[in-house]
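Given next are the chains, with one letter for each unit.
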Amino acid sequence: MNSPEPDFRSLESIEAQITPIDQAQKLVLESFFAAASAASIGFCIYDAEMRFLAINEALAERNGLSIAAHLGRSIREVLSVGLSEMLEPLCRQVLETGEPIINVEFQGESLSPSGNEHYVVASYFPVSLPDGKGVGVILELTSNRHIITVLRNHEARFRSLVQSSYDIITLTDARFNTTTQTPDAQTRILGYLPPELPPLFPFLGSELLLVHPDDAGKVEAARQELLAKPGHLIQVEYRMQRADGTWVWLESIGTNWFHNPQIRAVVGNTRDINRRKQAETALQQQIERERLLRRIALRIRGSLDLNDILNTTATEICQFLKADRVLIKRYQSTENFMRKGNGELKFSAVVEALGSGSTSCLHQTQFHSSLNRYLDQFQAGIKEAIDDLNSPALPNDFREWAAQLQIRACLIMPILVGDQFWGLLVAHQCHHSRHWEDSEVELLEQLATQLSIAIQQSELYQRIQDLNDCLEMEVEARTTQLKLAFNFEETLKRITDRVRDSLDEDQILQAVVRELAQVIGVHCCNASLYDLEQGTSTTCYEYANSMSLYQGRVSQFSAVPEIYTQLLEGQYFQFCSLVPNTERGRVTMLACPILDDQGVIGDLWLIHQADYAFNDQDVRLVQQVANQCAIAIRQARLYEASQVQIQELERLNQLKDDFLSTVSHELRTPLANMKMAIHMLRSAPTPERQERYMQILEAECNRETELINDLLDLQRLENESYGTVIEPIDLQTWIPEIVNPFLSRIRSRQQQLQINLPPQIEAIQSDRRCLERILAELLNNACKYTSPKGTIALEVKFQNPALANRTSTNWALKGPTQKNQTSVVCFTVSNQAAVSQFELPRMFEKFYRIPKSDPWQQGGTGLGLALVKKLVETLQGTISAESENGWTTFTVQLPTFAETE
């Protein structure tokens, strides 16, 4: 008989089938089951066959099944194959050994419809039942796994950031065990490999390992302050010894973490500030050097006592350089010394400053003969720095001489007064060798310059004292000269004021020549202006006691090159004529150029009697007046040019307005007509009207196209990108083709057209397209502005080139003459219309339309004649216009050439 199936739903059912059971074990199991059933931790009991005997709500919910769905089923029936394969060996190990397994991590999926994924930290405990079946207990902590994963990710990112830091980051635990989080940075800064890394502030022990002795006190004080104040932040700078024995400046910032109220951890950040400290030190040294230079410069400016200045300078240098001895010695010049290679460096002692423990050597007036080789160097102002006078490279006797004077290193700086060698500024190091820094050498160089200034000042002061007596004797004479100079200055001011107040070039030159002649008292003064391109000088104005002889005269530079060469180079000169002039006799002349930074503009000439000599005051006055005259003339010309530019800008502005007004109107008029025609086409009832409107559309479209083409052609002609093709043109057949399109228009306006051609008209060589456009525009212009029943005439004739190029009294536009031309063809278009002489030259301007000249409102852009002008110039011809007796005539002359084979 089969035994009944066990009920796996409660602890009571388990107890009923498992008998007998120890009472104590039963109580423990009941208590644990009751606590686990209400807990959020997953809990279950299974037998030796891996079937669930009991499970709490938390674990059943995570598996995605109910408690009843678990009871009596095996692990393989509830969980995935992968998860059950991980669980079963652990369960069997507990059953076989009777030993618990604590905190095993794994993951897998359940077999529930939800397919929940498990991240499990589990523990297993053995339980013995009375029937001898083993029962295991599993505790599942899925949620804690997510927290651990997040924390580990954060820790990995934190470590990555810390490891990439350029600074050294350190951390201690509660026992102040230092951990360097950035060993690479510490190795880079201090040079120690990771096994040798020393402790860093703020975690240094009481020994303050490797810290500079001068900084140990402040490091220890900062460390104690850090340990004494919860949450305190400290910052300290100190020097630490690198692995190579050098010292490096570090800056450490540390803070602590306290908790009730014990310290838990300390975090520190240490960075390399060695470059900053070096820069600060260099800056401080530079400031000290500048202060020293300023003090000495002030002393030099405030005193003329040379000995006081030299003593102060030597003392200041000795203190600043921390040198053992500083001397300033003056050179004793001898003839023997001046002979290169045979002299001795002899000096007289001037001043000396001694450092602590140094002896004087003022008695030593002669350098060792080995230094004679530096004679040329010192005279040229070149310094010499010797770092070690005990070097084996130096001669033995020289080293012995240096040892007697207790000199181990020296810096020698020559003192030059002007270009003359005055003496030496010398710094000695007596107790040890010394490398002289560039900044120290530069400082002595600057001080040597200051000393040369002081010496120069002293010598100048002495010379001034010597000159005072002489100056007193010359005061009276100087006073007279000053009065004369004052009068000249007054004259210069008066002339300058008159010149400056005028922008008329004529008035400027008139005022200059008159004032100069009257003030200096010469017989004649004239002013000339140059034409540098023509190489001529024109005497514009002349002021003379007698009749003007030279005003308006034009002189060629090439006629008297010895005069104008100097004037064109900006040089003044005076001379006396050796040969008497036919008009003035023998005279003295002063010539001064009128020039500025842009070149020579003209000249001023002063003419006086033969025995007169222009003094320096006269010359200076004339030069300054010429300079002022040059400035005034430039200003006048600039003003005149600016006025022309203003007028041109006004004209261009008006032209722009006319262009915008005309072009916008002319471009829109055909469009408006086309728009109206399109509208009428849509409603036109008969084919005849449709045809009429189509003609209007075509005509207005052609009108719009021609207008745009005119603009484009004119632009191409302006840019010289309009190509020409020279070909033969038979005028006998070509002229009628040009005239034919205008016949219907002429008939409709009841006008008359007359064409005059020579009996034997020959073919010409030219550009067919350009020539056709020229005649068409002229005929169109004639038709437009000729009144009804008026006459239009076209005439063609040939002329001789020499006659065609002669100057015309009519207004004309001419291009360059073409070589190898055989004849000139002349096209004349005339119509009955009058144009004023004022408007005649403006007809060829772009967009210009003669006011009130279009009574029939036929419109136009004003581009036709401008385009004709450009086309004629492209063909290297000329065009002219004249208006007489009610007729306006346009004449185009074009070169024609023989046909090429």
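Residues numbered from 1 in each chain as written. Predicted model: local features only at pLDDT ≥ 70, side-chain atom pairs only at ≥ 80, totals over all residues. Heavy atoms only, no water.

Q: Whenever I open this one, the overall build of the chain confuses me. Can you help?
A: If you tally the helices and strands in the chain, you get 23 helices and 29 strands. Across the 901 residues that make up the chain, the buried fraction comes to 41%. Taking the intrachain contacts of the chain between residues at least 6 apart in sequence as the baseline, contacts between residues at least 24 apart amount to 59%. Accessible surface, the chain: about 50200 Å² in total, of which carbon and sulfur atoms supply 51%. (Helix = DSSP H or I, 4+ residues; strand = E, 2+ residues; numbered from the N terminus. Buried < 20%, exposed > 50% of the residue type's maximum accessible area, 1.4 Å probe, protein only. Contact = heavy atoms within 4.5 Å. Areas by Shrake-Rupley, 256 points an atom, 1.4 Å probe, with all protein chains shown as cover.)

Q: What's the story with the packing of aromatic side chains in this structure? I'm lost.
A: What characterises a pair of aromatic rings is the spacing of the ring centres plus the angle enclosed by the ring planes. Enumeration over the complete set of coordinates arrives at eight aromatic pairs. Between Phe557 and Tyr564, the ring centres sit 4.9 Å apart and the planes meet at 35°, which makes this aromatic pair tilted. Residue Phe557 is classed as buried on the basis of its relative accessible area of 10%. The rings of Tyr530, Phe557 and Tyr564 are connected pair by pair, giving a single aromatic cluster. (Phe/Tyr/Trp six-rings, centres within 6.5 Å; stacked < 30°, edge-to-face > 60°.)

Q: What exactly am I supposed to notice about the side chain of Glu316 here?
A: Secondary-structure assignment places Glu316 in helix 11 (residues 306-321). Not counting the four nearest positions on each side in its chain, Glu316 is found in contact with Leu292, Arg295 and Ile296.

Q: Where do I start with unusual backbone geometry in this structure?
A: Note: most peptide bonds trans; most residues except glycine with negative phi. Not every positive phi belongs to a glycine, and Gln750 is a case in point at roughly 60°. Tracing the sequence through the fold places Gln750 in the loop between helix 20 (731-748) and strand 23 (752-756). Here Asn885, not a glycine, exhibits a phi torsion of approximately 55°, which is positive. On the secondary structure map, Asn885 appears in the loop between strand 28 (878-884) and strand 29 (887-896). In this structure Asn885 comes out as exposed when scored by relative accessible area, which is 76%.

Q: Explain helix 9 (residues 213-228) here, please?
A: Residues lying three or four places apart along an α-helix face the same way, a consequence of the helix completing one turn every 3.6 residues. With 16 residues, helix 9 extends 24 Å from end C-alpha to end C-alpha; this agrees with the ideal 22 Å at 1.5 Å per step. The complete set of buried residues in helix 9 reads Asp215, Ala216, Val219, Ala222, Arg223 and Leu226. The arc enclosing the buried residues of helix 9, seen along the axis, measures out at 140°, which places them on a common side. Away from its buried face, by an angle of more than 90 degrees, helix 9 presents the exposed residues Gly217 and Ala228. (Expected span 1.5 Å × (residues − 1). Arc of directions from axis to C-beta.)

Q: It is not clear to me how the nonpolar core should be interpreted in this structure. Could you clarify?
A: Soluble globular proteins tend to bury their nonpolar side chains together. If you look at the biggest cluster of nonpolar residues, it comprises 39 residues, and the most contacted ones within it are Leu731, Ile735 and Phe827. Looking at this core, the elements that each hand over two or more residues are helix 20, helix 21 (768-785), strand 25 (791-799), strand 27 (823-831), helix 23 (864-874), strand 28 and strand 29. In terms of residue count, helix 21 provides more of this core than any other element does, eight residues in total. Excluding anything up to four places from it in sequence, Ile735 contacts Ile755, Leu757, Leu775, Leu794, Val796 and Phe827. (Core = buried A, V, L, I, M, F, W, Y, C linked by side-chain atoms within 4.5 Å.)

Q: I keep staring at the pairing of strand 14 (residues 409-417) and nothing clicks. Help me out?
A: Within a regular beta strand, the side chains point alternately toward one face of the sheet and then the other, so they alternate between its two faces. A large share of strand 14 lies buried, amounting to eight of its nine residues. Across nine bridges, the pairing between strand 14 and strand 15 (residues 420-429) is antiparallel. Among the inter-strand pairings, Met413 is bridged to a residue of strand 15, identified as Leu425. Taking the residues that link successive antiparallel strands as the turn, the strand 14-strand 15 hairpin has two residues, and the phi of Gly418 there is positive, at about 70°. (Pairing = 2+ DSSP bridges.)

Q: I keep staring at the environment of Leu771 and nothing clicks. Help me out?
A: In this structure, Leu771 sits in helix 21. Separated by 42 residues in the primary sequence, Leu771 and Ile729 place their C-alpha atoms 9.7 Å from one another. Setting aside its immediate chain neighbours within four residues, Leu771 contacts Ile729, Trp734, Ile764, Phe827, Leu875 and Leu894.

Q: I tried to follow the pairing of strand 27 on my own but got confused; where do I start?
A: Burial within strand 27 is extensive, with nine of its nine residues counted as buried. Residues Ser823, Val825, Phe827, Val829 and Asn831 line one face of strand 27 and the alternating positions Val824, Cys826, Thr828 and Ser830 line the opposite face, and both faces are buried. Two elements, strand 25 and strand 27, share eight bridges in a ladder whose sense is antiparallel. The residue bridging Ala793 from the neighbouring strand is Ser830, located in strand 27. Pairing between strand 27 and strand 29: nine bridges, direction antiparallel. Across the sheet, residue Thr828 finds its bridge partner in strand 29, namely Thr891.

Q: For this particular structure, what's the right way to read the pattern of salt bridges?
A: Proximity of charged atoms lets side chains of opposite charge pair with each other. Applying the stated criterion across every chain yields a total of 18 salt bridges. Residue Arg276 pairs with Glu280 through a salt bridge whose shortest N-O separation is 3.5 Å. One end of the pair, Arg276, and the other, Glu280, are both in helix 10 (residues 274-302), four residues apart, so they sit about a helical turn from each other. Between Glu727 and Arg768 there is a salt bridge; the shortest N-O distance is 3.8 Å. You can see Glu727 sitting in strand 22 (residues 726-729) and its partner Arg768 sitting in helix 21, a full 41 residues away along the chain. (Salt bridge = Lys/Arg side-chain N within 4 Å of Asp/Glu carboxyl O.)

Q: Explain the packing of helix 21 against helix 23 here, please?
A: If you want to describe how two helices pack, look at the angle between their axes and the distance between the axes. Contact pair helix 21 / helix 23: the axes reach a minimum separation of 9 Å and the direction vectors enclose 150°. Between helix 21 and helix 23, the angle is such that the two are roughly antiparallel. Both helix 21 and helix 23 take part in a crossing whose hand is left-handed. Note on element contacts: helix 23 touches helix 21 through Gly864, Leu865, Leu867, Val868, Leu871 and Val872, opposite Cys770, Arg773, Ile774, Glu777, Leu778 and Asn781. Tallied by class, residues from the contact of helix 21 with helix 23 come to eight nonpolar, two polar and two charged. (Axes fitted to C-alpha atoms, helices over the stretch in contact; angles between N-to-C directions. Parallel < 35°, antiparallel > 145°, perpendicular 65-115°, else oblique. Left-handed = near helix turned anticlockwise from the far one by under 90°. Nonpolar A, V, L, I, M, F, W, Y, C, P; charged D, E, K, R; others polar.)

Q: Any chance you could explain the side chain of Thr536 here in plain terms?
A: With respect to the helices, strands and loops of the structure, Thr536 is situated in strand 17 (residues 536-544). Contact partners of Thr536, with chain neighbours within four places excluded, come to Leu529, Tyr530, Asp531, Val554, Ser555, Gln556 and Phe557.

Q: Looking at this structure, I do not really get the packing of helix 20 against helix 21. What am I missing?
A: Closest axis-to-axis distance for the helix 20/helix 21 pair is 10 Å, and the angle between their directions is 25°. Here helix 21 runs roughly parallel to helix 20, going by the angle between their axes. In terms of crossing hand, the pair formed by helix 20 and helix 21 is right-handed. Of helix 21, the residues touching helix 20 (which contributes Trp734, Ile735, Ile738, Val739, Phe742, Arg745 and Ile746) are Arg768, Leu771, Glu772, Leu775, Ala776, Leu779, Asn780, Cys783 and Lys784. Of the residues in the contact of helix 20 with helix 21, the class split is eleven nonpolar, one polar and four charged.

Q: Help me understand helix 15 (residues 438-500) in this model?
A: For helix 15, with 63 residues, the first-to-last C-alpha span of 56 Å runs short of the 93 Å given by 1.5 Å per residue. Largest kink in helix 15: about 45°, centred on Val475. (Bend = angle between axes of the 7 residues up to and from the residue.)

Q: Looking at this structure, how should I read the environment of Ile386?
A: In this fold, Ile386 is placed in strand 13 (residues 384-386). Sequence separation between Ile386 and Cys410 is 24 residues, and the spatial gap between their C-alpha atoms is 5.4 Å. Discounting chain neighbours no more than four positions away, the residues touching Ile386 are Ala409, Cys410 and Trp436.

Q: What is the right way to read the sheet that holds strand 20 (residues 587-596) from this model?
A: The strand order across the open sheet built from six strands is 18-17-16-21-20-19, with neighbouring strands paired in antiparallel fashion. Every other strand in the sheet has two partners, leaving strand 18 (554-556) and strand 19 (573-576) as the edge strands with one partner each. Averaged over neighbouring strand pairs, the angle between their axes works out to 25° when direction is ignored. Helix 16 (residues 505-520) rests against strand 16 (524-531), strand 17 and strand 21 (599-609) of the sheet, and its axis sits at about 55° to strand 17. Against the sheet, helix 17 (residues 561-568) contacts strand 16, strand 17, strand 18, strand 19, strand 20 and strand 21, and its axis sits at roughly 125° relative to strand 21.

Q: I tried to follow the confidence of the model for the chain on my own but got confused; where do I start?
A: Do not read the predicted coordinates in detail wherever pLDDT is low. Of all residues in the chain, 76% have pLDDT values of 70 or greater, and the mean over the chain is 75. Confidence, expressed as mean pLDDT per element, reaches its minimum in the chain at strand 26 (residues 811-814) with 39 and its maximum at strand 28 with 90. This model gives residues 1-22 a pLDDT under 50, and the stretch forms 24 contacts once residues within four places in sequence are excluded. Below a pLDDT of 50 lies the segment residues 802-821, which in the model reaches 37 contacts outside its immediate sequence neighbourhood of four places, other chains included. (pLDDT = per-residue confidence, 0-100.)

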